[in-house]
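Understanding the architecture of this molecule
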Amino acid sequence: MDPRRGVPRTDTVLAEPRIAAAVDRLGRDLVKATVAAAQDRARRGELPVDHEAVVGAVLASLPDTATGLRPVLNATGVLLHTNLGRAPLSAAARAALDLAAGTCDVELDLGTGGRGPRGNAAIDALLSAVPGAAAAHLVNNGAAALALVAVTLAAGGGDGRREIVIARGELVEIGDGFRIPDLLTATGARLREVGTTNRVSRADYAAAVGDDTALILKVHPSNFVVTGFTRSVGIEELTGLGVPVVADIGSGLLTPHPLLPDEPDAAGALAAGATLVTASGDKLLGGPQAGLLLGAPGEGAELVQRIRRHPLARAMRVDKLTLAAFEATLRGPVSPTRAALDADPAVLRGRAERLAGSLTAAGVEATAVGSAATVGGGGAPGVTLASAAVALPERYAAALRAGEPAVLGRVEHGRCLLDLRALPVEADQELAAAVLAVGAGRAR
Ligand SMILES: *Cc1c(COP(=O)(O)O)cnc(C)c1O
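Residues numbered from 1 in each chain as written. Predicted model: local features only at pLDDT ≥ 70, side-chain atom pairs only at ≥ 80, totals over all residues. Heavy atoms only, no water.

**Focus on the packing of aromatic side chains**
Working definition: an aromatic ring pair is given by the centre-to-centre distance plus the angle between the planes. Heads up, the condition is: A pair of aromatic rings is counted whenever rings of Phe, Tyr or Trp (Trp by its six-membered ring) have centres within 6.5 Å, and the orientation is called stacked for planes under 30 degrees apart, edge-to-face for over 60 and tilted otherwise. Charge-over-ring placement is defined geometrically: NZ (Lys) or CZ (Arg) within 6 Å of the ring centre, and within 35 degrees of the ring normal.
Per the stated rule, a full pass over the model turns up 0 aromatic pairs. Between the NZ or CZ atom of Arg199 and the centre of the ring of Phe229, over which it lies, the distance is 3.9 Å.

**Some thoughts on the pattern of salt bridges**
Definition in use: What counts as a salt bridge is simple: a side-chain nitrogen of Lys or Arg found within 4 Å of a carboxyl oxygen of Asp or Glu. Here a helix means four or more residues in a row that DSSP labels H or I, a strand means two or more in a row labelled E, and each is numbered from the N terminus. When a residue's accessible area, from a 1.4 Å probe over protein chains only, is under 20% of the maximum for its type it is buried; when over 50% it is exposed; and in between it is partly exposed.
For the structure shown, the criterion picks out 22 salt bridges. A salt bridge links Arg43 to Asp40, with the shortest nitrogen-to-oxygen separation between them at 2.9 Å. With Arg43 and Asp40 both in helix H3 (residues 28–43) and 3 residues apart, this pair spans about one turn of that helix. Judged by its relative accessible area of 35%, Arg43 is partly exposed. Judged by relative accessible area, Asp40 falls into the partly exposed class, the value being 35%. Each of Glu107, Arg115, Arg118 and Arg317 takes part in salt bridges that share partners, so that together they form one network.

**Section: unusual backbone geometry**
The amide bond that connects Glu404 to the next residue, Pro405, takes the cis arrangement and shows omega of 0 degrees. Phi angles above zero are rare outside glycine, and Arg86 is one such case at about 55 degrees. Relative to the assigned elements, Arg86 resides in the loop between strand S2 (78–80) and helix H5 (91–101). Phi at His413 is positive, roughly 50 degrees, even though this residue is not glycine. Relative to the helices and strands, His413 resides in the loop between strand S15 (410–412) and strand S16 (415–419). For His413, a relative accessible area of 76% puts it in the exposed group.

**Concerning the sheet that holds strand S4 (residues 163–167)**
To be explicit about the condition: Between any two strands, pairing holds if DSSP finds at least two bridges. For every element, the axis is a line fit to its C-alpha atoms; helices are fit only across the contacting stretch, and the angle between N-to-C directions ranges from 0 to 180 degrees. Residue contacts follow a heavy-atom distance rule, with two residues in contact if any of their heavy atoms lie within 4.5 Å.
Ordered in space as S3-S11-S10-S9-S8-S4-S7, the 7 strands form an open sheet in which the pairing is mixed. Edge positions in the sheet fall to strand S3 (135–139) and strand S7 (190–194), since each has one partner strand and no second. Neighbour-to-neighbour, the strand axes of the sheet open up by a mean angle of 25 degrees, direction not taken into account. Pairing analysis gives 4 bridges linking S4 to strand S8 (residues 213–219), with the strands arranged parallel. Across the sheet, Val165 pairs through a bridge with Ile216, a residue of S8. Contacts from helix H7 (residues 142–153) reach S3, S4, S8, strand S9 (245–250), strand S10 (276–280) and strand S11 (291–295) within the one sheet, and its direction differs from that of S10 by about 150 degrees.

**Details of the sheet that holds S2**
Read across the open sheet, the 5 strands follow the order S2-S12-S13-S16-S15; overall the sheet is mixed. Both outer strands of the open sheet, S2 and S15, are each paired with one neighbouring strand and no more. Adjacent strand axes in the sheet meet at a mean angle of 45 degrees, parallel and antiparallel pairs treated alike. In the sheet, S15 pairs with S16 via 3 bridges, with the strands oriented antiparallel. Each bridged residue has a counterpart across the sheet, and for Val411 the counterpart in S16 is Cys416. Against the sheet, helix H16 (residues 345–361) contacts strand S12 (367–376) and strand S13 (384–393), and its axis sits at roughly 5 degrees relative to S13.

Below you can see the structure in the form of C-alpha coordinates.
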(Lines give C-alpha, C1' and ligand atoms only; values in the text may rest on other atoms or scores of the structure.)
Protein backbone atom coordinates (compact mmCIF):
# COMPACT_ATOMS: atom_id res chain seq x y z
CA MET A 1 0.00 0.00 0.00
CA ASP A 2 1.23 3.55 -0.74
CA PRO A 3 2.19 4.88 2.69
CA ARG A 4 1.20 8.39 1.58
CA ARG A 5 -2.44 7.42 1.46
CA GLY A 6 -2.79 7.30 5.21
CA VAL A 7 -1.07 10.66 5.95
CA PRO A 8 -3.64 13.02 7.46
CA ARG A 9 -4.60 15.93 5.20
CA THR A 10 -3.43 19.47 6.02
CA ASP A 11 -7.02 20.74 6.43
CA THR A 12 -7.87 17.99 8.88
CA VAL A 13 -4.78 18.66 10.98
CA LEU A 14 -5.37 22.42 10.97
CA ALA A 15 -8.98 21.88 12.05
CA GLU A 16 -7.88 20.05 15.19
CA PRO A 17 -8.75 22.46 18.08
CA ARG A 18 -5.25 22.41 19.67
CA ILE A 19 -3.69 23.21 16.29
CA ALA A 20 -6.31 25.89 15.57
CA ALA A 21 -5.37 27.50 18.90
CA ALA A 22 -1.73 27.49 17.78
CA VAL A 23 -2.76 29.24 14.55
CA ASP A 24 -4.35 32.00 16.63
CA ARG A 25 -1.15 32.34 18.65
CA LEU A 26 1.53 31.89 16.00
CA GLY A 27 -0.08 32.62 12.66
CA ARG A 28 -1.20 30.28 9.89
CA ASP A 29 2.01 30.20 7.83
CA LEU A 30 4.23 29.08 10.66
CA VAL A 31 1.81 26.36 11.77
CA LYS A 32 1.23 25.17 8.19
CA ALA A 33 4.97 24.82 7.65
CA THR A 34 5.21 22.75 10.83
CA VAL A 35 2.30 20.56 9.67
CA ALA A 36 4.02 20.03 6.31
CA ALA A 37 7.22 18.97 8.07
CA ALA A 38 5.31 16.45 10.22
CA GLN A 39 3.51 15.06 7.14
CA ASP A 40 6.88 14.57 5.44
CA ARG A 41 8.14 12.66 8.44
CA ALA A 42 5.05 10.44 8.34
CA ARG A 43 5.62 9.79 4.60
CA ARG A 44 9.23 8.85 5.28
CA GLY A 45 8.06 6.41 7.92
CA GLU A 46 9.53 8.38 10.83
CA LEU A 47 6.08 8.83 12.38
CA PRO A 48 3.04 6.55 12.49
CA VAL A 49 0.69 7.47 9.66
CA ASP A 50 -2.21 8.53 11.82
CA HIS A 51 -3.92 11.74 12.85
CA GLU A 52 -2.95 11.66 16.53
CA ALA A 53 0.74 11.02 15.80
CA VAL A 54 0.96 13.85 13.27
CA VAL A 55 -0.94 16.28 15.50
CA GLY A 56 1.30 15.31 18.42
CA ALA A 57 4.44 15.88 16.34
CA VAL A 58 3.19 19.29 15.21
CA LEU A 59 2.36 20.36 18.76
CA ALA A 60 5.74 19.16 20.01
CA SER A 61 7.69 21.11 17.43
CA LEU A 62 5.73 24.37 17.48
CA PRO A 63 7.65 27.21 19.13
CA ASP A 64 6.18 29.04 22.14
CA THR A 65 6.22 32.34 20.28
CA ALA A 66 6.29 33.47 16.69
CA THR A 67 10.02 34.17 16.77
CA GLY A 68 12.92 31.99 15.80
CA LEU A 69 14.83 33.32 18.81
CA ARG A 70 15.28 30.79 21.58
CA PRO A 71 15.87 31.59 25.23
CA VAL A 72 19.34 30.65 26.48
CA LEU A 73 20.46 30.34 30.09
CA ASN A 74 23.79 32.15 30.33
CA ALA A 75 26.01 29.79 32.32
CA THR A 76 29.20 31.07 30.65
CA GLY A 77 30.28 33.28 33.53
CA VAL A 78 30.50 36.14 31.03
CA LEU A 79 28.12 38.76 32.42
CA LEU A 80 27.63 40.63 29.15
CA HIS A 81 27.76 38.03 26.41
CA THR A 82 27.54 39.68 23.00
CA ASN A 83 26.22 36.52 21.34
CA LEU A 84 23.46 36.28 23.94
CA GLY A 85 22.29 39.87 23.47
CA ARG A 86 24.38 41.52 26.19
CA ALA A 87 22.42 42.72 29.25
CA PRO A 88 19.28 40.80 30.22
CA LEU A 89 16.47 43.15 31.23
CA SER A 90 15.01 43.48 34.72
CA ALA A 91 11.44 42.41 35.41
CA ALA A 92 10.57 46.12 35.66
CA ALA A 93 12.04 46.80 32.22
CA ARG A 94 10.20 43.81 30.72
CA ALA A 95 6.92 45.05 32.18
CA ALA A 96 7.59 48.51 30.72
CA LEU A 97 8.28 46.93 27.32
CA ASP A 98 4.98 45.16 27.48
CA LEU A 99 3.15 48.38 28.31
CA ALA A 100 4.89 50.34 25.55
CA ALA A 101 4.19 47.58 23.04
CA GLY A 102 0.63 48.85 22.83
CA THR A 103 -0.37 52.43 22.15
CA CYS A 104 1.01 54.77 24.82
CA ASP A 105 1.63 58.48 25.41
CA VAL A 106 5.22 58.41 24.15
CA GLU A 107 4.71 61.68 22.30
CA LEU A 108 1.41 62.93 23.64
CA ASP A 109 0.55 65.37 26.43
CA LEU A 110 -2.51 63.78 28.00
CA GLY A 111 -3.26 67.07 29.81
CA THR A 112 -3.70 69.16 26.68
CA GLY A 113 -4.36 66.41 24.18
CA GLY A 114 -1.61 67.88 22.00
CA ARG A 115 1.80 66.63 20.98
CA GLY A 116 4.18 66.17 23.88
CA PRO A 117 7.96 65.91 24.00
CA ARG A 118 9.12 62.46 22.98
CA GLY A 119 10.97 60.36 25.50
CA ASN A 120 11.21 62.99 28.23
CA ALA A 121 10.65 60.52 31.04
CA ALA A 122 13.65 58.43 29.96
CA ILE A 123 15.86 61.52 29.67
CA ASP A 124 14.70 62.72 33.10
CA ALA A 125 15.56 59.34 34.59
CA LEU A 126 19.02 59.54 33.04
CA LEU A 127 19.60 63.09 34.29
CA SER A 128 18.50 62.08 37.80
CA ALA A 129 20.95 59.18 37.71
CA VAL A 130 23.78 61.45 36.54
CA PRO A 131 23.19 64.83 38.22
CA GLY A 132 26.45 66.17 36.76
CA ALA A 133 24.89 66.15 33.29
CA ALA A 134 22.83 69.13 32.16
CA ALA A 135 21.39 67.55 29.01
CA ALA A 136 21.04 64.10 27.54
CA HIS A 137 19.95 62.37 24.38
CA LEU A 138 19.33 58.73 23.51
CA VAL A 139 20.07 57.00 20.21
CA ASN A 140 20.11 53.41 18.99
CA ASN A 141 23.49 52.33 20.31
CA GLY A 142 26.88 53.55 21.42
CA ALA A 143 28.18 53.58 17.86
CA ALA A 144 25.29 55.82 16.78
CA ALA A 145 26.04 58.23 19.63
CA LEU A 146 29.65 58.54 18.45
CA ALA A 147 28.63 58.87 14.81
CA LEU A 148 26.15 61.60 15.66
CA VAL A 149 28.78 63.50 17.64
CA ALA A 150 31.26 63.21 14.77
CA VAL A 151 28.81 64.15 12.03
CA THR A 152 27.44 67.14 13.96
CA LEU A 153 30.67 68.55 15.37
CA ALA A 154 33.39 67.42 12.99
CA ALA A 155 32.04 66.64 9.54
CA GLY A 156 32.13 70.23 8.36
CA GLY A 157 28.92 71.06 10.17
CA GLY A 158 28.71 74.23 12.26
CA ASP A 159 32.00 76.08 12.13
CA GLY A 160 33.60 73.86 9.50
CA ARG A 161 36.21 72.27 11.76
CA ARG A 162 36.84 68.71 10.69
CA GLU A 163 39.48 67.13 12.85
CA ILE A 164 39.04 64.71 15.69
CA VAL A 165 42.17 64.38 17.78
CA ILE A 166 42.53 60.84 19.12
CA ALA A 167 45.33 58.78 20.68
CA ARG A 168 46.70 55.90 18.54
CA GLY A 169 46.24 53.55 21.48
CA GLU A 170 42.50 54.30 21.44
CA LEU A 171 41.77 53.33 17.82
CA VAL A 172 39.59 50.46 18.95
CA GLU A 173 37.93 47.64 17.03
CA ILE A 174 34.62 47.14 18.86
CA GLY A 175 33.83 43.67 17.51
CA ASP A 176 32.63 41.82 14.43
CA GLY A 177 35.14 43.77 12.36
CA PHE A 178 33.72 47.20 13.24
CA ARG A 179 36.33 49.83 14.05
CA ILE A 180 35.75 53.17 15.74
CA PRO A 181 38.21 55.04 13.45
CA ASP A 182 36.31 53.79 10.37
CA LEU A 183 33.01 54.80 11.91
CA LEU A 184 34.32 58.31 12.60
CA THR A 185 35.81 58.86 9.14
CA ALA A 186 32.66 57.47 7.49
CA THR A 187 30.88 60.61 8.75
CA GLY A 188 33.28 62.84 6.84
CA ALA A 189 35.40 63.72 9.88
CA ARG A 190 39.20 63.51 9.72
CA LEU A 191 41.27 61.83 12.38
CA ARG A 192 44.39 63.40 13.78
CA GLU A 193 46.18 60.57 15.53
CA VAL A 194 48.53 61.38 18.37
CA GLY A 195 51.10 59.40 20.37
CA THR A 196 52.12 55.79 19.77
CA THR A 197 50.28 52.53 20.40
CA ASN A 198 51.52 52.39 23.98
CA ARG A 199 52.20 55.99 24.96
CA VAL A 200 50.72 59.43 24.57
CA SER A 201 51.25 62.66 26.50
CA ARG A 202 49.35 65.90 27.03
CA ALA A 203 52.00 67.62 24.93
CA ASP A 204 51.12 65.34 22.00
CA TYR A 205 47.51 66.45 22.21
CA ALA A 206 48.42 70.10 22.70
CA ALA A 207 50.66 70.05 19.60
CA ALA A 208 47.91 68.49 17.48
CA VAL A 209 45.08 70.83 18.45
CA GLY A 210 44.72 73.65 15.95
CA ASP A 211 42.28 75.75 13.94
CA ASP A 212 40.79 72.68 12.32
CA THR A 213 40.22 70.72 15.54
CA ALA A 214 36.56 70.02 16.21
CA LEU A 215 37.06 67.93 19.33
CA ILE A 216 39.34 65.64 21.29
CA LEU A 217 37.99 62.13 21.61
CA LYS A 218 38.91 59.81 24.46
CA VAL A 219 37.86 56.21 23.75
CA HIS A 220 37.91 53.69 26.55
CA PRO A 221 39.74 50.54 25.45
CA SER A 222 36.86 48.45 26.71
CA ASN A 223 37.86 45.05 25.30
CA PHE A 224 41.63 44.88 25.75
CA VAL A 225 44.38 45.94 28.12
CA VAL A 226 47.81 47.27 27.25
CA THR A 227 50.40 46.69 29.96
CA GLY A 228 54.09 47.41 30.32
CA PHE A 229 55.64 50.68 29.15
CA THR A 230 52.41 52.59 28.75
CA ARG A 231 51.01 56.04 29.36
CA SER A 232 47.67 57.62 28.60
CA VAL A 233 46.28 61.06 29.31
CA GLY A 234 43.31 61.59 31.61
CA ILE A 235 40.34 63.79 30.75
CA GLU A 236 41.41 66.40 33.35
CA GLU A 237 44.64 67.03 31.47
CA LEU A 238 42.83 67.56 28.19
CA THR A 239 40.46 70.27 29.33
CA GLY A 240 41.83 73.73 28.76
CA LEU A 241 43.10 73.01 25.25
CA GLY A 242 40.25 75.13 23.89
CA VAL A 243 38.20 72.36 22.24
CA PRO A 244 35.42 70.07 23.53
CA VAL A 245 36.59 66.81 25.09
CA VAL A 246 34.30 63.90 24.25
CA ALA A 247 34.65 60.75 26.37
CA ASP A 248 33.41 57.47 24.92
CA ILE A 249 33.28 55.44 28.13
CA GLY A 250 31.75 52.38 26.45
CA SER A 251 30.12 50.37 29.19
CA GLY A 252 27.58 52.86 30.48
CA LEU A 253 28.61 52.59 34.11
CA LEU A 254 26.98 55.73 35.50
CA THR A 255 28.89 55.88 38.80
CA PRO A 256 32.05 54.05 39.92
CA HIS A 257 31.86 50.39 40.92
CA PRO A 258 34.23 49.11 43.62
CA LEU A 259 35.04 45.87 41.76
CA LEU A 260 35.89 47.74 38.56
CA PRO A 261 38.36 50.45 39.59
CA ASP A 262 39.66 50.98 36.03
CA GLU A 263 36.27 51.19 34.36
CA PRO A 264 35.37 54.82 33.57
CA ASP A 265 31.94 56.05 34.65
CA ALA A 266 29.75 58.83 33.29
CA ALA A 267 29.64 60.91 36.48
CA GLY A 268 33.41 60.67 36.84
CA ALA A 269 34.06 61.62 33.22
CA LEU A 270 31.85 64.72 33.55
CA ALA A 271 33.43 65.64 36.89
CA ALA A 272 36.86 65.35 35.24
CA GLY A 273 35.78 67.94 32.71
CA ALA A 274 34.44 66.02 29.71
CA THR A 275 32.16 68.20 27.58
CA LEU A 276 30.23 65.20 26.26
CA VAL A 277 30.07 61.57 27.32
CA THR A 278 28.88 58.72 25.10
CA ALA A 279 28.10 55.16 26.23
CA SER A 280 26.05 52.05 25.54
CA GLY A 281 22.78 51.20 27.29
CA ASP A 282 23.08 47.42 27.20
CA LYS A 283 26.45 46.87 28.84
CA LEU A 284 27.12 47.60 32.52
CA LEU A 285 24.13 49.95 32.68
CA GLY A 286 22.07 46.78 32.33
CA GLY A 287 19.38 48.13 30.02
CA PRO A 288 18.18 47.77 26.44
CA GLN A 289 20.40 48.46 23.44
CA ALA A 290 20.79 52.23 23.31
CA GLY A 291 23.39 54.94 22.99
CA LEU A 292 23.67 57.64 25.64
CA LEU A 293 24.83 61.17 25.04
CA LEU A 294 25.39 63.29 28.13
CA GLY A 295 26.35 66.96 28.10
CA ALA A 296 28.10 68.90 30.86
CA PRO A 297 26.51 72.20 31.93
CA GLY A 298 27.23 75.02 29.49
CA GLU A 299 28.90 74.05 26.21
CA GLY A 300 28.10 70.34 26.63
CA ALA A 301 24.38 71.01 27.02
CA GLU A 302 24.42 73.31 23.97
CA LEU A 303 26.16 70.64 21.94
CA VAL A 304 23.57 68.05 22.96
CA GLN A 305 20.84 70.37 21.65
CA ARG A 306 22.72 70.82 18.36
CA ILE A 307 23.22 67.07 18.06
CA ARG A 308 19.52 66.40 18.74
CA ARG A 309 18.54 68.69 15.86
CA HIS A 310 20.94 67.19 13.30
CA PRO A 311 18.97 65.58 10.44
CA LEU A 312 20.66 62.25 11.06
CA ALA A 313 19.42 62.24 14.67
CA ARG A 314 16.07 61.19 13.28
CA ALA A 315 17.67 58.18 11.59
CA MET A 316 19.14 57.06 14.91
CA ARG A 317 16.04 57.71 17.01
CA VAL A 318 15.16 55.10 19.61
CA ASP A 319 11.73 53.53 19.59
CA LYS A 320 9.15 53.63 22.36
CA LEU A 321 10.17 50.13 23.52
CA THR A 322 13.72 51.28 24.17
CA LEU A 323 12.55 54.44 25.91
CA ALA A 324 10.27 52.44 28.20
CA ALA A 325 12.80 49.73 29.05
CA PHE A 326 15.59 52.24 29.53
CA GLU A 327 13.60 54.38 31.94
CA ALA A 328 12.43 51.35 33.92
CA THR A 329 16.01 50.05 34.12
CA LEU A 330 17.11 53.31 35.71
CA ARG A 331 14.10 53.87 37.95
CA GLY A 332 13.33 50.25 38.80
CA PRO A 333 15.12 47.74 41.02
CA VAL A 334 18.72 46.65 40.50
CA SER A 335 19.29 45.27 36.99
CA PRO A 336 20.25 41.60 36.53
CA THR A 337 23.67 42.76 35.31
CA ARG A 338 24.25 44.80 38.44
CA ALA A 339 23.00 41.94 40.61
CA ALA A 340 25.44 39.57 38.90
CA LEU A 341 28.27 42.05 39.39
CA ASP A 342 27.42 42.42 43.09
CA ALA A 343 26.82 38.70 43.74
CA ASP A 344 28.53 37.31 46.85
CA PRO A 345 30.99 34.53 45.87
CA ALA A 346 30.10 32.58 49.04
CA VAL A 347 26.44 32.58 48.03
CA LEU A 348 27.39 31.43 44.52
CA ARG A 349 29.43 28.63 46.07
CA GLY A 350 26.43 27.54 48.16
CA ARG A 351 24.22 27.48 45.06
CA ALA A 352 26.79 25.41 43.15
CA GLU A 353 27.04 22.92 46.02
CA ARG A 354 23.28 22.53 46.32
CA LEU A 355 22.93 22.05 42.57
CA ALA A 356 25.81 19.57 42.36
CA GLY A 357 24.35 17.70 45.35
CA SER A 358 20.90 17.31 43.84
CA LEU A 359 22.33 16.34 40.43
CA THR A 360 24.64 13.76 41.99
CA ALA A 361 21.69 12.31 43.89
CA ALA A 362 19.95 11.93 40.53
CA GLY A 363 22.92 10.03 39.10
CA VAL A 364 24.67 12.85 37.23
CA GLU A 365 28.44 13.19 37.58
CA ALA A 366 28.47 16.75 38.97
CA THR A 367 30.80 18.65 41.29
CA ALA A 368 30.84 22.21 42.63
CA VAL A 369 34.02 24.06 41.69
CA GLY A 370 35.46 27.55 42.02
CA SER A 371 35.36 29.58 38.82
CA ALA A 372 36.42 32.93 37.40
CA ALA A 373 33.75 35.03 35.72
CA THR A 374 34.32 38.10 33.56
CA VAL A 375 32.33 41.16 32.55
CA GLY A 376 32.82 40.38 28.86
CA GLY A 377 33.11 42.51 25.74
CA GLY A 378 30.94 45.07 27.48
CA GLY A 379 33.71 46.36 29.69
CA ALA A 380 36.30 45.83 32.39
CA PRO A 381 38.84 43.90 30.29
CA GLY A 382 41.22 41.79 32.33
CA VAL A 383 39.04 41.83 35.45
CA THR A 384 38.03 38.43 36.85
CA LEU A 385 35.20 38.01 39.32
CA ALA A 386 35.30 35.17 41.84
CA SER A 387 32.51 32.75 41.00
CA ALA A 388 31.32 29.17 41.38
CA ALA A 389 30.26 26.58 38.85
CA VAL A 390 28.85 23.10 38.50
CA ALA A 391 31.34 20.91 36.61
CA LEU A 392 29.90 18.20 34.35
CA PRO A 393 31.47 15.83 31.84
CA GLU A 394 32.37 17.74 28.65
CA ARG A 395 29.77 15.94 26.51
CA TYR A 396 27.03 17.87 28.37
CA ALA A 397 28.05 21.12 26.66
CA ALA A 398 26.60 20.29 23.23
CA ALA A 399 23.56 18.49 24.62
CA LEU A 400 22.70 21.44 26.89
CA ARG A 401 22.91 23.84 23.94
CA ALA A 402 20.35 21.72 22.12
CA GLY A 403 17.99 21.63 25.11
CA GLU A 404 14.86 23.59 25.89
CA PRO A 405 15.71 26.07 27.26
CA ALA A 406 19.18 25.98 25.75
CA VAL A 407 21.99 26.30 28.27
CA LEU A 408 25.34 27.80 27.29
CA GLY A 409 28.18 26.74 29.57
CA ARG A 410 31.94 26.99 29.24
CA VAL A 411 34.22 24.12 28.27
CA GLU A 412 37.42 24.18 30.29
CA HIS A 413 40.05 21.46 30.84
CA GLY A 414 37.80 18.77 29.41
CA ARG A 415 34.82 19.68 31.57
CA CYS A 416 31.58 21.54 30.96
CA LEU A 417 31.34 24.31 33.55
CA LEU A 418 28.02 25.91 34.38
CA ASP A 419 29.04 29.20 35.97
CA LEU A 420 26.38 30.74 38.20
CA ARG A 421 27.60 34.37 38.30
CA ALA A 422 25.48 35.57 35.37
CA LEU A 423 22.38 33.62 36.43
CA PRO A 424 19.86 34.70 39.07
CA VAL A 425 19.12 32.18 41.84
CA GLU A 426 15.62 31.75 40.36
CA ALA A 427 17.24 30.06 37.35
CA ASP A 428 18.82 27.25 39.39
CA GLN A 429 15.80 24.97 39.19
CA GLU A 430 15.52 25.40 35.44
CA LEU A 431 19.25 24.77 35.11
CA ALA A 432 19.02 21.55 37.13
CA ALA A 433 16.03 20.40 35.06
CA ALA A 434 17.96 21.05 31.83
CA VAL A 435 20.91 18.98 33.06
CA LEU A 436 18.63 16.18 34.22
CA ALA A 437 16.87 16.15 30.84
CA VAL A 438 20.25 15.58 29.15
CA GLY A 439 21.08 12.83 31.64
CA ALA A 440 17.71 11.15 31.05
CA GLY A 441 18.20 11.41 27.28
CA ARG A 442 21.46 9.50 27.56
CA ALA A 443 19.99 6.81 29.76
CA ARG A 444 17.35 5.91 27.15
C1 LIG B 1 30.76 48.88 23.06
C2 LIG B 1 31.49 50.13 22.72
C3 LIG B 1 31.09 50.93 21.65
C4 LIG B 1 29.95 50.57 20.77
O5 LIG B 1 28.76 50.62 21.44
P6 LIG B 1 27.48 49.82 20.84
O7 LIG B 1 26.42 50.13 21.84
O8 LIG B 1 27.87 48.41 20.77
O9 LIG B 1 27.22 50.41 19.51
C10 LIG B 1 31.80 52.08 21.40
N11 LIG B 1 32.84 52.43 22.18
C12 LIG B 1 33.27 51.69 23.20
C13 LIG B 1 34.41 52.14 24.01
C14 LIG B 1 32.60 50.51 23.51
O15 LIG B 1 33.01 49.76 24.55
